[in-house]
Amino acid sequence: MQARRRQAGLRAVVYVVGGHIERVRAVDPAGDWLKQADGFALAPVSGSLTRAQIDERFPGLGLHPGDARPTAPGSPREYIDL
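On a predicted model such as this, the values are computed, not experimentally measured, just so you know. (Residues numbered from 1 in each chain as written. Predicted model: local features only at pLDDT ≥ 70, side-chain atom pairs only at ≥ 80, totals over all residues. Heavy atoms only, no water.)

J.: So what exactly am I meant to see when it comes to the overall build of the protein here?
T.: Scanning the protein for helices and strands turns up 2 helices and 6 strands. Of the regular secondary structure in the protein, the N- to C-terminal order runs β-α-β-β-β-β-β-α. Counting the 82 residues in the protein, one finds 24% classified as buried. Partitioning the contacts of the protein with sequence separation of at least 6, the portion at a separation of at least 24 is 48%. When the accessible surface of the protein is totalled, it reaches about 5,700 Å², and 50% of it is carbon and sulfur. (Helix = DSSP H or I, 4+ residues; strand = E, 2+ residues; numbered from the N terminus. Buried < 20%, exposed > 50% of the residue type's maximum accessible area, 1.4 Å probe, protein only. Contact = heavy atoms within 4.5 Å. Areas by Shrake-Rupley, 256 points an atom, 1.4 Å probe, with all protein chains shown as cover.)

Structure below.
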């Protein structure tokens, strides 16, 4: 879920489970955001991207399924610039 102020700049969602990247999905810029009552919205995302698709669409990302990605304690999300 994303706050409205972050929607325009969000290009990809990286899912981390147990300190490892589980999947990466692209955000559809033309898609509809599913608004929630708390002011957040669910992003319109693609299916899981392959390593080649990630490298092609987001060459500066450098994150792929299976990579280690430890998270900061108490931080449910992290925002990085592409």
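J.: What is the right way to look at the sheet that holds strand S3 (residues 20-27) in this model?
T.: Strands in a sheet are paired, the pairing made by backbone hydrogen bonds, and the direction either parallel or antiparallel. With respect to topology, 3 strands assemble into an open sheet ordered S2-S3-S6, the strand pairing being antiparallel. Looking at strand neighbours, the two that pair on one side only are strand S2 (12-17) and strand S6 (45-48), the edges of this open sheet. Each strand axis lies, on average, 30 degrees off the axis of its neighbour in the sheet, ignoring direction. Relative to S3, S2 runs antiparallel, the two sharing 6 bridges. (Pairing = 2+ DSSP bridges. Axes fitted to C-alpha atoms, helices over the stretch in contact; angles between N-to-C directions.)

J.: I'm lost on the pairing of S3 in this one. Help?
T.: Joining the antiparallel neighbours S2 and S3 is a turn of 2 residues, in which Gly18 adopts a positive phi near 60 degrees. When S3 meets S6, the two strands line up antiparallel, connected through 2 bridges. Within S6, the position partnered with Val27 by the bridge is Val45.

J.: I tried to follow the environment of Trp33 on my own but got confused; where do I start?
T.: Mapping Trp33 onto the fold places it in the loop between S3 and strand S4 (34-35). Judged by relative accessible area, Trp33 falls into the buried class, the value being 16%. Residues Trp33 and Pro44 lie 11 residues apart in sequence; the distance between their C-alpha atoms is 5.8 Å.

J.: Looking at this structure, how should I read the nonpolar core?
T.: A general trend in soluble globular proteins is that nonpolar side chains are found buried together. Of all hydrophobic cores here, the largest spans 9 residues; its members are Ala12, Ile21, Val24, Ala26, Leu49, Ile54, Phe58, Leu61 and Leu63. In terms of residues, this core owes the most to one element, S3, which gives 3 residues. Beyond its immediate stretch of four places on either side in the chain, Ala26 contacts Arg11, Ala12, Pro44, Val45, Ser46, Leu49, Arg57 and Phe58. (Core = buried A, V, L, I, M, F, W, Y, C linked by side-chain atoms within 4.5 Å.)

J.: Explain the environment of Gly62 here, please?
T.: Structurally, the position occupied by Gly62 is in the segment after helix H2 (51-57). Note: C-alpha distance between Gly62 and Arg51 (11 residues apart in sequence) is 9.7 Å.

J.: Explain the packing of aromatic side chains to me, please; I cannot follow it from the model alone.
T.: Across all of its chains, the model carries 0 aromatic pairs by this definition. Across the ring face of Tyr15, the terminal group of Arg23 is positioned such that the distance to the ring centre comes to 4.5 Å. (Phe/Tyr/Trp six-rings, centres within 6.5 Å; stacked < 30°, edge-to-face > 60°. Lys NZ or Arg CZ within 6 Å of the ring centre and 35° of its normal.)

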